[in-house]
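# Structure at a glance
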Amino acid sequence: MSTSQAIVAGWMESPTSAVNDEARRRAEDEALAALVDQYAGALYRVAYSVLRNQADAEDAVQEAFVRVLRHRDSLGEVRDHRVWLIRIVWNIVLDRKRRAKTRPETDDVSELARVLPSTGLSAEEIAAAAQHHAHVLACVDQLPAKERQVLMLSAFEELTSVEIAAVLGISESSVRSRLFRARNLMAGLLDHERSLR
Amino acid sequence: MTSTPHEPRATASASSPAEETLRLVASLPAPDGLEDRVNAALSAEQNRDRVLGRSRVLAWPRAIRPESSWMRTAAAAAIVFVVAGGGWGVYTRVEQNQPAKVIVIPARMPAPGGFSGAGAMRTPLTLPGPAAPQPVKAKTAQTKAAKKPAARAKTTSNASGRSSAAGATGSSGEGSTRPDASK
């Protein structure tokens, strides 16, 4: 049974069918497990791109699936589970980011140096790359919230502009215009940083 | 994927480091065992829900748990009927014009162990009242006379004439009576 079939079997039951509770609960559990297997990685990457901390991102993914568990009765109405789940975890991580205190940039550097791919690179090169990426991410953090969100979501190759619009709850044209503004602002910020050096 | 058709090349090239970094961060692999940990957290949450019965706000009793939607509809209709009927019953029983509230002042209790007033009522001392007014009829006669001086003159002249005539007759009478008296 494929993942989508399991999801459909779990949640697309008609309410009039006389399925007993245990069987229905088992089907829902299987469907939820299928969702976890399929989308946990993508949700983690989305969460990590905002929080930039492994433990926090993992907590956000767990919280997203717990929310799914609590609202599983209405999951049959969801068309695109992937976009829907990304939207849930996106709201969670934005909320957490808003509540969390500002972390120093050195945390980002050390975390990036730990998680970035380091095959064939010396320790100094890894540190320099991490420093560069942390600096770029600090510039991204200076962008206005709307432009920053679109720019971050556009980095996910699995998300089209239509899906980004669905995640953010805006129109596709707004996504494009915000992305355009974000790129212009980022170019200005990076040029300014270069001129300061 | 999300490139804009009107995007200038200079902007794209300048922002490429940022997008490269974001893509790098976005493509990081999930840690090993993430799915297992999420599944474990979900099963723990489910167990807690089952133990505490928190899956719904108000759970149906197991014996009468409705399996179809018509029963829920009927239950909801019954609740609405009871609430509306109760409200209507209260509305019909409440009087429209309620009597005004009377505030009952408690009677003054005598001082414990002291003397009572024996029901005596205190009469306040009154000041001396105004003087009694004059009789009204005499006043009105005087004012009428004061108002008509000509009439008063007439009446006085008539009165003097009558008195003189009366004096003459009187004198004659006196004269007539005097002989009688002398008799």
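This text follows the structure it describes.
One structure accompanies this document, and this report is about it.

Residue and element names in this part refer to chain A. It is the contact of helix α7 (residues 145-154) with helix α8 (residues 161-168), at a shortest axis distance of 10 Å, that shows an interaxial angle of 135°. Comparing their axes, α8 and α7 come out oblique. Crossing of α7 over α8 shows right-handed handedness. On α8, the residues that touch Q149, V150, L153 and S154 of α7 are I164, V167 and L168. Of the residues assigned to the contact of α7 with α8, the class counts are five nonpolar, two polar and no charged.

Residues and elements named next belong to chain A. The backbone of R52 shows a phi angle near 55°, a positive value even though the residue is not glycine. Tracing the backbone through its elements, the reader meets R52 in the loop between α2 (21-51) and α3 (54-70). What makes R52 buried here is the crowd of 20 C-beta atoms within 10 Å.

Looking now at the interface of chain B and chain A. The interface is formed by 32 residues belonging to chain B together with 45 residues belonging to chain A. Within the residue set of the side of chain B that touches chain A, elements represented by two or more residues are α1 (9-26) and α2 (34-52) of chain B. The leading source of residues in the side of chain B that touches chain A is α1(B), at 13 residues. The residue makeup of the side of chain B that touches chain A, split by class, is 16 nonpolar, nine polar and seven charged.

Looking now at the packing of α2(A) against helix α4 (residues 81-99) of chain A. Residue and element names in this part refer to chain A. Viewed as axis vectors pointing N to C, α2 and α4 meet at an angle of 35°, and their least axial separation amounts to 9 Å. In this structure, α2 meets α4 at a crossing whose hand is right-handed. Packed against α2, whose contacting residues are L35, Y39, A42, L43, V46, A47, V50 and L51, the element α4 presents H81, R82, L85, I86, V89, W90, V93, L94, R96 and K97 at the interface. Of the residues assigned to the contact of α2 with α4, the class counts are 14 nonpolar, one polar and three charged.

Parameters and conventions
- Residues numbered from 1 in each chain as written.
- Chains lettered and ligands numbered in written order.
- Predicted model: local features only at pLDDT ≥ 70, side-chain atom pairs only at ≥ 80, totals over all residues.
- Axes fitted to C-alpha atoms, helices over the stretch in contact; angles between N-to-C directions.
- Helix = DSSP H or I, 4+ residues; strand = E, 2+ residues; numbered from the N terminus.
- Parallel < 35°, antiparallel > 145°, perpendicular 65-115°, else oblique.
- Left-handed = near helix turned anticlockwise from the far one by under 90°.
- Contact = placed C-beta atoms within 7 Å.
- Nonpolar A, V, L, I, M, F, W, Y, C, P; charged D, E, K, R; others polar.
- Buried ≥ 20, exposed ≤ 12 C-beta atoms within 10 Å, placed from the backbone.

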